[in-house]
Amino acid sequence: MIEEHFAALRRTVGRMETDRAVMATLRRWGSHLAGVLQTGGRLLACGNGGSAAEAQHLTSEVTGRFRRDRPPYAALALHADTSAITAILNDYGPDEVFARQVRAHGRPGDVLVALSTSGRSANVLAAAANAHAMGLTTWALTGPQPNQLASICDDGICVPADEVATVQEVHLLLIHALCEVLDEALRARRPLGEEEPA
Ligand SMILES: O=C(CO)[C@@H](O)[C@H](O)[C@H](O)[C@H](O)COP(=O)(O)O
Ligand SMILES: [Zn+2]
């Protein structure tokens, strides 16, 4: 029933909107990410299916822009290079498709955002484990807790919804909220004399 679909989204958003921990996490992430990007670090993001699209939505907003003009920053969605993906899949197997790229593109201090509605996709778990071992900061966006991805990442937001679709829809809301706080933090950190174009 489509009414139930709308109701599930409304319920979940309502629950998260009043969860102070979620807002605090987003603000902490925005401010940390601003520092990483402005000092030459990079954002990596990964996920499967709908979560791949969400990962790419986030990185495109960082490299392009969100609401206002600002300098571009380094961000990569790890499923987007189809030649690398097919070669790694073919030569090393499915669990390595993101992990190998984390090892190639990640540097200590960079940030990995790992998205999984179930929190148990092996390739996303491997990416997070590799990133952690290399000294990247790892953040999880998942479905309900407990789940393995949230437990191995440095920080995470777990969406309390039963349906994969609802979790994905709320992930996009969280991504836009993160872009909002990131832009605020970038503006606050910009040195005097480097105001953004009108
Ligand atoms: O978008 C959808 C369902 O809405 C699917 O493509 C879904 O993302 C795929 O089944 C993924 O493989 C699920 O992976 P995960 O979220 O459990 O890590
Ligand atoms: Zn957007």
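Residues numbered from 1 in each chain as written. Chains lettered and ligands numbered in written order. Predicted model: local features only at pLDDT ≥ 70, side-chain atom pairs only at ≥ 80, totals over all residues.

**Here's the deal with the packing of helix α5 (residues 96–105) against helix α6 (residues 122–134)**
At a minimum axis distance of 7 Å, the contact between α5 and α6 shows a crossing angle of 20°. Classified by the angle their axes make, α5 and α6 are roughly parallel. Crossing geometry of α5 relative to α6 is assigned as right-handed. Across from Glu96, Val97, Phe98, Ala99, Val102 and Arg103 in α5, the residues of α6 making contact are Asn123, Val124, Ala126, Ala127, Asn130, Ala131 and Met134. By residue class, the composition of the contact of α5 with α6 is 9 nonpolar, 2 polar and 2 charged. (Axes fitted to C-alpha atoms, helices over the stretch in contact; angles between N-to-C directions. Helix = DSSP H or I, 4+ residues; strand = E, 2+ residues; numbered from the N terminus. Parallel < 35°, antiparallel > 145°, perpendicular 65-115°, else oblique. Left-handed = near helix turned anticlockwise from the far one by under 90°. Contact = placed C-beta atoms within 7 Å. Nonpolar A, V, L, I, M, F, W, Y, C, P; charged D, E, K, R; others polar.)

**Remarks on helix α8 (residues 164–189)**
Its 26 residues give α8 an end-to-end C-alpha distance of 37 Å, which sits within 8% of 38 Å, the value for a rise of 1.5 Å per residue. Among the structural elements, α1 (2–17), α2 (20–38), α3 (50–63), β3 (111–116), β4 (137–142) and β5 (155–158) are those in contact with the buried residues of α8. (Expected span 1.5 Å × (residues − 1).)

**What to know about the site of ligand 1**
All residues adjacent to ligand 1 are Asn48, Gly49, Gly50, Ser51, Ser116, Thr117, Ser118, Ser121, Val124, Val164, Ala165 and Gln168. Looking at the shell around ligand 1, the element that brings in the most residues is α8, giving 3 residues. A per-class count over the shell around ligand 1 returns 3 nonpolar, 9 polar and no charged. (Near = placed C-beta within 6 Å.)

**Observations concerning the environment of threonine 117**
Mapped onto the elements of the fold, threonine 117 is located in the loop between β3 and α6. Each C-alpha atom of the pair threonine 117 and glutamine 168 lies 7.0 Å from the other, and the pair is 51 residues apart in sequence. What threonine 117 contacts, discounting residues up to four positions off in sequence, is Ser51, Thr142, Gly143, Val164, Val167 and Gln168.

**A short note on the environment of aspartate 162**
Following the sequence through the fold, aspartate 162 ends up in the loop between β5 and α8. The spatial distance from the C-alpha of aspartate 162 to the C-alpha of threonine 117 is 9.8 Å, given a sequence separation of 45 residues.

**With respect to the UniProt feature "binding site: Zn(2+)" (unreviewed entry) in the protein chain**
Per the UniProt record, "binding site: Zn(2+)" (unreviewed entry) is annotated on His57, Glu61, Gln168 and His176. Following the sequence through the fold, histidine 57 ends up in helix α3. Residue histidine 57 is classed as partly exposed on the basis of its 16 C-beta neighbours within 10 Å. Within the secondary structure, glutamate 61 sits in helix α3. When sequence neighbours within four positions are dropped, the list of residues in contact with glutamate 61 reads Phe66 and Cys179. (UniProt positions renumbered as here; feature names shortened; annotations may be inferred. Buried ≥ 20, exposed ≤ 12 C-beta atoms within 10 Å, placed from the backbone.)

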